[in-house]
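One letter stands for each residue in the lines below.
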Amino acid sequence: MTQAVSLLLKAPRVFIAASGASHYVASFLEDGLALYLDADVVFASSRTGPERAVRHMMSARRDDLVVAISIFRYSRATLDLASFAKKRGAALLVLTDSPTSPLAPLADVTLFAPARSRLLPNSPTAVFALADALIAAVARERPDAVEALKELSESLLWTFHR
């Protein structure tokens, strides 16, 4: 986890790639990381088709980070985007379910969260928890961002119904 947080904190841009069940985890991760990172956080994958995702990845550079998320029944689109970004020199952080994931050999850092359950062939529950832990770990390293967010939240309290 420490290496993953370090990659996130030093990257000027963070691209998140995921599809299928992992799409929702990626959206959650994007929202959480954007609160605490100075980096631009971009959800590179899109439900509108792969063209937009490829367009985002075409701008990936050596100092950027790509977070690829895929669990069992691995997404070919996510694998292709991760491979493309690695060829462009970006670092790769992978959130996946197993060392046998096709994303694991590409990664600079891999975090594992099991996806199998008794009832479902794959469940994003564990990878959601992993994403939440990653957001919390980044927030812990950025007390300045946490304080700024607290001040913003307090200034917006009037917008909530009492």
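Structural notes, computed from the coordinates. (Residues numbered from 1 in each chain as written. Predicted model: local features only at pLDDT ≥ 70, side-chain atom pairs only at ≥ 80, totals over all residues. Heavy atoms only, no water.)

### Side note on the overall build of the protein
Phase 1: Per the secondary structure count, the protein includes six helices and five strands.
Phase 2: Starting at the N terminus, the α and β elements of the protein follow one another as α-β-α-β-α-β-α-β-β-α-α.
Phase 3: For the protein, the proportion of its 162 residues judged to be buried stands at 46%.
Phase 4: Contacts in the protein between residues at least 24 apart in sequence constitute 71% of all its contacts with a sequence separation of at least 6. (Helix = DSSP H or I, 4+ residues; strand = E, 2+ residues; numbered from the N terminus. Buried < 20%, exposed > 50% of the residue type's maximum accessible area, 1.4 Å probe, protein only. Contact = heavy atoms within 4.5 Å.)

### Things to note about the packing of helix 1 (residues 2-10) against helix 5 (residues 125-141)
Phase 1: Packing of helix 1 against helix 5 brings their axes to within 10 Å, and their N-to-C directions diverge by 65 degrees. The handedness of the crossing between helix 1 and helix 5 comes out as right-handed. On the side of helix 1, the interface is formed by A4, V5, L8 and L9, while helix 5 contributes L134, A137, V138 and E141.
Phase 2: The residue makeup of the contact of helix 1 with helix 5, split by class, is seven nonpolar, no polar and one charged. (Axes fitted to C-alpha atoms, helices over the stretch in contact; angles between N-to-C directions. Left-handed = near helix turned anticlockwise from the far one by under 90°. Nonpolar A, V, L, I, M, F, W, Y, C, P; charged D, E, K, R; others polar.)

### What about unusual backbone geometry?
Phase 1: Its identity as a non-glycine residue notwithstanding, R73 has a phi of 70 degrees, on the positive side.
Phase 2: Structurally, the position occupied by R73 is in the loop between strand 3 (65-70) and helix 4 (76-87).

### Points about helix 1
Phase 1: Three or more residues of helix 1 are buried, namely A4, V5, L7 and L8. The buried side chains of helix 1 occupy one side of the element, clustering within an arc of 160 degrees when seen end-on. Away from its buried face by more than 90 degrees, helix 1 exposes T2, Q3 and K10.
Phase 2: Residues of helix 1 that are buried sit in contact with strand 1 (13-18), helix 2 (22-36), strand 3, strand 4 (91-96), strand 5 (109-112) and helix 5. (Arc of directions from axis to C-beta.)

### Concerning a nonpolar patch on the surface
Phase 1: A surface patch of nonpolar side chains, amounting to about 240 Å² of accessible area, comprises V54, M58 and F84.
Phase 2: Residue F84 is classed as partly exposed on the basis of its relative accessible area of 30%. (Patch = residues over 30% accessible without salt bridge, like charges linked within 9 Å, V, L, I, M, F, W, Y side chains within 5 Å. Areas by Shrake-Rupley, 256 points an atom, 1.4 Å probe, with all protein chains shown as cover. Salt bridge = Lys/Arg side-chain N within 4 Å of Asp/Glu carboxyl O.)

### As for the nonpolar core
Phase 1: Judged by nonpolar contacts, the single largest core of 37 residues is most densely connected at L8, V14, V67, I69, L93 and L95.
Phase 2: For this core, the secondary-structure elements that each account for two or more residues are helix 1, strand 1, helix 2, strand 2 (40-43), strand 3, strand 4, strand 5 and helix 5.
Phase 3: It is helix 5 that contributes the most residues to this core, eight residues altogether.
Phase 4: Here V14 is in contact with L8, L37, A39, D40, V41, V42, L65 and V67, once residues within four sequence places are set aside.
Phase 5: Core analysis: the second largest hydrophobic core is formed by 18 residues, V66, L81, A90 and A107 among them. (Core = buried A, V, L, I, M, F, W, Y, C linked by side-chain atoms within 4.5 Å.)

### Some words on the pattern of salt bridges
Pairing is possible between side chains of opposite charge, provided their charged atoms come close.
Phase 1: Under the definition given, this model contains seven salt bridges.
Phase 2: R13 is paired through a salt bridge with D64; the nearest N and O atoms lie 2.7 Å apart. One end of the pair, R13, is in strand 1; the other, D64, is in the loop between helix 3 (50-57) and strand 3, with 51 residues separating them in the sequence. The pair formed by R13 and D64 is uniform in burial state, with each residue classed as buried.
Phase 3: For R76, the salt bridge is made with D80, and the minimal N-O distance between the two is 3.7 Å. Of this pair, R76 and D80 both sit in helix 4, four residues apart, which is roughly one turn of that helix.
Phase 4: When its relative accessible area of 57% is taken as the criterion, R76 is described as exposed.

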